[in-house]
Amino acid sequence: MFGIGTQEIIFIVLIVLLFFGGKKIPELMKGLGKGVRSFKEGVKGVENDLSVKDEKDEEKKNGKTD
């Protein structure tokens, strides 16, 4: 996984614990989850917009009009 070994992962986790403490980590993960969810929704919206545009372009190409 990206060339990161077990020792490096443990070291990163320990550093995060030192910086934020045990009580803040659930809040950080909750915020991270919300951010990821928002990003996925944004990507899905862009994909939908592009597919609608492609469909309209295809209809114009084939001579169909609404």
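Refer to the preceding data block for the structure.
Keep in mind that this is a model prediction, so the values were computed, not measured.

Q: Give me the overall build of the protein: which residues, what numbers.
A: Secondary structure summary: the protein contains one helix and zero strands in total. For a compact globule of 66 residues, the expected C-alpha radius of gyration is about 11 Å, and the protein comes in at 22 Å, more than 25% above that figure. Its C-alpha atoms give the protein principal-axis dimensions of roughly 65 × 30 × 10 Å. Looking at the 66 residues of the protein, the share that counts as buried comes to 0%. When the accessible surface of the protein is totalled, it reaches about 6,400 Å², and 63% of it is carbon and sulfur. Distance between charge centres in the protein, computed from 12 positive and 11 negative side chains, equals 9 Å.

Q: Describe the pattern of salt bridges, with residues and values.
A: By the definition in use, this model includes one salt bridge. Lys 24 is the salt-bridge partner of Glu 27, the closest N and O atoms lying 3.8 Å from each other. Here the residue Glu 27 and the residue Lys 24 both occupy positions in helix H1 (residues 6-62), the gap between them amounting to three residues, near one helical turn.

Scoring rules and cut-offs
Residues numbered from 1 in each chain as written. Predicted model: local features only at pLDDT ≥ 70, side-chain atom pairs only at ≥ 80, totals over all residues. Heavy atoms only, no water. Helix = DSSP H or I, 4+ residues; strand = E, 2+ residues; numbered from the N terminus. Rg over C-alpha atoms; globule rule 2.2 N^0.38 Å. Buried < 20%, exposed > 50% of the residue type's maximum accessible area, 1.4 Å probe, protein only. Areas by Shrake-Rupley, 256 points an atom, 1.4 Å probe, with all protein chains shown as cover. Lys, Arg positive; Asp, Glu negative; His and termini not counted. Charge placed at Lys NZ, Arg CZ, Asp CG, Glu CD. Salt bridge = Lys/Arg side-chain N within 4 Å of Asp/Glu carboxyl O.

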